[in-house]
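Listed below are the residues making up each chain.
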Amino acid sequence: MSLLVLTSAHRLRAICRLQRIQTHMMSSKIGSEVLFENVGNAGVITLNRPKALNALNLTMIRHILPQLKKWDKDSETDIVIIKGTGGKAFCAGGDIRAVTEAGKSGDSLAQDFFREEYILNNTIGTYQKPYVALIDGITMGGGVGLSVHGRFRVATEKTLFAMPETGIGLFPDVGGGYFLPRLQGKLGLFLALTGFRLKGRDVQRVGVATHFVQSEKIASLEKDLVDLKSPSISDVTHLLDSYQELSTLDAEKPFILQQHREAIDRLFTAASVEEILENLHKDGSAFAQKQIETLAKMSPTSLKLTFRQIQKGASMSLKEVLVMEYRLTQACMRGHDFYEGVRAVLIDKDQSPKWKPSTLTEVSERAVEECFSSLGERDLKL
């Protein structure tokens, strides 16, 4: 009997040891995907998945959120800086493939990812200390959520911004319904529906970034930010302004959409997606024709959800928008187009999604309205 107890005790210790090793291995692996440092008076977050263009996964979200909360309470930390590694991307989006697999198999990741990502977005949007996102490289989807709600967003000539979600059967989430309708005129709706890509200085001109600084000056800017002692919002603004003044690259280049601003405001002022398309057809310009071709590739369901999302979001708080968007994600998880879009664009890469329904006419108002309805107990709590 004593031998049996001994054997059991040995087995239990061995299991505990194995669990500790596995936990350690996991945390080492996890920890390397996002790095945290205290440098001077700054808390620095580095997204560290360069091969995946720093795409955001649930594990990273679960590390960033508590760290932000910790720094917010820490009297030694005056400013938070977030950046990406690898030279190509700040963060090219969320880990959509993992979410797709989870959605297909009924795994809770399809709920957890969006819920926890949006809680993080809201935390950034309400952060009390100066929060500076150095968006030096590709910034899409989840990367927009990590930056755009923060007080300072610094673009460089390497920045590539887009919200291309209507092309994968989703919608411009992570608070897109909040910041997009607040851009000038109908630019936000145009960017949301078409997924149009903005580069470099144009990201700042449109208002997605607050500043433009040349990429070669970013390391020096980061050092100066870290060296600030108990900086106020105006101290950080002043420093960023001074760097922007020294960054003359592409200053003479006009805003890429400048000649189309009037057309965008006129053509995208409409009561529905169908009406926008009518406007584009009637206009008949080369620009209008290009938008017709672009919109024809997008999920009709996504276009209608996005139109309504931007319409509603214009008069909502960030918190209200995120609650609404969480409902929409779960509707997309229940539907067809998200899985088909991810298959066509990211997995098989045939770029030929078969949308269901395949036309705007077939997407009923009732179907759209249902996607916005409350999830009851499963609603996002912020």
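Scroll up to find the structure this text is about.
The shown structure was predicted, so the numbers you read here are calculated from the model rather than taken from an experiment.

A. Expanded view of the sheet that holds strand β3 (residues 79–84). Here 6 strands make up an open sheet; going across it, the order is β1-β2-β3-β5-β7-β10 and the pairing mixed. Of all strands in the sheet, those with a lone pairing partner are β1 (34–39) and β10 (211–212), marking the two edges. The pairing of β3 with strand β5 (residues 131–135) spans 3 bridges and is classified as parallel. In the strand pairing of β5, I81 is matched with V132. Lying on the sheet, helix α2 (residues 58–73) is in contact with β1, β2 (42–47), β3 and β5; it crosses β1 at an angle near 20°.

B. Structural detail: the pairing of β5. Buried residues dominate β5, accounting for 5 of its 5 residues. Residue alternation in β5 divides its side chains into two sets, Y131, A133 and I135 and V132 and L134, and both sets are buried. The sheet contact formed by β5 and strand β7 (residues 152–155) spans 4 bridges and is parallel. If you follow A133 over to β7, its bridge partner there is R153.

C. Expanded view of the sheet that holds strand β4 (residues 89–91). Read from one edge of the open sheet, 4 strands run β4-β6-β8-β9, paired in mixed fashion. The two strands at the open ends of the sheet, each matched to only one other strand, are β4 and β9 (198–199). Pairing between strand β6 (residues 138–140) and strand β8 (residues 160–162): 3 bridges, direction parallel. Looking across to β8, one finds that I138 is bridged to L160.

D. Layout of helix α4 (residues 109–125). An ideal rise of 1.5 Å per residue puts 24 Å on 17 residues; α4 measures up with 24 Å between its terminal C-alpha atoms. Counting buried positions along α4 yields 13 of 17 residues, so the element is predominantly enclosed.

E. Region of the structure containing the packing of helix α7 (residues 187–194) against helix α14 (residues 300–313). Contact geometry of α7 with α14 gives a least axis separation of 10 Å together with a crossing angle of 155°. Judged by the angle between their axes, α7 and α14 are roughly antiparallel. When the axes of α7 and α14 are compared, the crossing they make is right-handed. Two secondary-structure elements touch here, α7 through L189, A192 and L193 and α14 through L303, T306, F307 and I310. Residues of the contact of α7 with α14, tallied by class, amount to 6 nonpolar, 1 polar and no charged.

F. Just the packing of α14 against helix α15 (residues 318–334), in detail. In contact at an axis separation of 11 Å, α14 and α15 are set at 170° when each is read in the N-to-C sense. Taken together, the axes of α14 and α15 are roughly antiparallel relative to one another. The way α14 lies across α15 gives a crossing that is right-handed. Of α15, the residues touching α14 (which contributes L305, Q309, K312 and G313) are V321, M324, E325, L328 and C332. Broken down by class, the residue content of the contact of α14 with α15 amounts to 5 nonpolar, 2 polar and 2 charged.

G. Main features of the pattern of salt bridges. In this structure the tally under the stated criterion is 17 salt bridges. The closest approach of N and O atoms between R115 and D112, which form a salt bridge, is 3.2 Å. Separated by 3 residues within a single helix, R115 and D112 lie in helix α4, roughly one turn from each other. The partner of K304 in a salt bridge is E274, with the nearest N and O atoms 2.8 Å apart. Remark: E274 occurs in helix α12 (residues 273–283) and K304 occurs in helix α14; sequence separation between them is 30 residues. Overall, E274 belongs to the partly exposed group, its relative accessible area being 28%.

Conventions we followed
Residues numbered from 1 in each chain as written. Predicted model: local features only at pLDDT ≥ 70, side-chain atom pairs only at ≥ 80, totals over all residues. Heavy atoms only, no water. Pairing = 2+ DSSP bridges. Helix = DSSP H or I, 4+ residues; strand = E, 2+ residues; numbered from the N terminus. Contact = heavy atoms within 4.5 Å. Axes fitted to C-alpha atoms, helices over the stretch in contact; angles between N-to-C directions. Buried < 20%, exposed > 50% of the residue type's maximum accessible area, 1.4 Å probe, protein only. Expected span 1.5 Å × (residues − 1). Parallel < 35°, antiparallel > 145°, perpendicular 65-115°, else oblique. Left-handed = near helix turned anticlockwise from the far one by under 90°. Nonpolar A, V, L, I, M, F, W, Y, C, P; charged D, E, K, R; others polar. Salt bridge = Lys/Arg side-chain N within 4 Å of Asp/Glu carboxyl O.

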